[in-house]
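Secondary and tertiary structure notes
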Amino acid sequence: FPDVSAFKAKSAPPVKSYDGRIINSFSFKNITYNVHSWEEFISKLCEVLVTKYNHDTEKLLWHSLDSKFYFNESPDELRLPANIGGTNIFVETRLSPDDTVKLARSVLSVSGYADSDLSIESQKKNNR
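As the structure is a computational prediction, the values presented were derived from the model and not from experiment. (Residues numbered from 1 in each chain as written. Predicted model: local features only at pLDDT ≥ 70, side-chain atom pairs only at ≥ 80, totals over all residues. Heavy atoms only, no water.)

Let's shift gears to the packing of helix H1 (residues 38-52) against helix H3 (residues 97-110). Contact pair H1 / H3: the axes reach a minimum separation of 10 Å and the direction vectors enclose 10°. By the angle between their axes, H1 is roughly parallel relative to H3. Residues Trp38, Phe41, Ile42, Leu45 and Leu49 of H1 pack against Pro97, Thr100, Val101, Leu103, Ala104, Val107 and Leu108 of H3. Within the contact of H1 with H3, the residues separate by chemical class into 11 nonpolar, 1 polar and no charged. (Axes fitted to C-alpha atoms, helices over the stretch in contact; angles between N-to-C directions. Helix = DSSP H or I, 4+ residues; strand = E, 2+ residues; numbered from the N terminus. Parallel < 35°, antiparallel > 145°, perpendicular 65-115°, else oblique. Contact = heavy atoms within 4.5 Å. Nonpolar A, V, L, I, M, F, W, Y, C, P; charged D, E, K, R; others polar.)

Structure (structure tokens):
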């Protein structure tokens, strides 16, 4: 019989958690943007996609993650909306740091960007 260990799924590397961390900046396509909060991070990343990379804003409105929609033209439809600069679209910001990063990576993925195009600089909350 063949060695069954060869067929076992290799465990994925541990996913980095950002919970309990403060974001300092993020880099997208080797350009660094300083931000002061996770809320500012997601809205700034979307703003950069729309203004610098001509991302179709309509795609944001139809983008869902885990069957939830996080973008809307009506801020009243979101719990804690933030406007995406240069658009009439708002993004939900009442998310944990990990969910914020998951949403950001999902938007980048459907937009054709690689995971490696985004990097995040953060620090533990109690280091301030």
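With that settled, the discussion passes to the confidence of the model for the protein chain. Counting all residues, the mean pLDDT for the protein chain is 87, and 87% of those residues have values of 70 or more. Within the protein chain, no element has a lower average pLDDT than helix H2 (residues 57-62), which sits at 87, and none a higher one than strand S2 (residues 31-34), at 98. The low-confidence segment residues 4-13 (pLDDT under 50) makes 1 contact with residues lying over four places distant or belonging to another chain. (pLDDT = per-residue confidence, 0-100.)

Attention now goes to the packing of aromatic side chains. Tallied over the full model, the rule gives 7 aromatic pairs. Considering the side-chain rings of Phe26 and Phe41, the 5.1 Å spacing of their centres and the 70° angle between planes classify their relative orientation as edge-to-face. Of this pair, Phe26 sits in strand S1 (residues 21-28) while Phe41 sits in helix H1, placing them 15 residues apart in sequence. For the pair formed by Phe26 and Phe41, the shared burial category is buried. Between the aromatic rings of Phe28 and Tyr113, the centroid separation amounts to 5.1 Å while the plane-to-plane angle is 75°, which identifies the pairing as edge-to-face. With Phe28 in strand S1 and Tyr113 in the loop between H3 and strand S8 (118-124), the pair connects residues that are 85 residues apart, well separated along the chain. Across the pair, exposure class does not vary: Phe28 and Tyr113 are buried alike. (Phe/Tyr/Trp six-rings, centres within 6.5 Å; stacked < 30°, edge-to-face > 60°. Buried < 20%, exposed > 50% of the residue type's maximum accessible area, 1.4 Å probe, protein only.)

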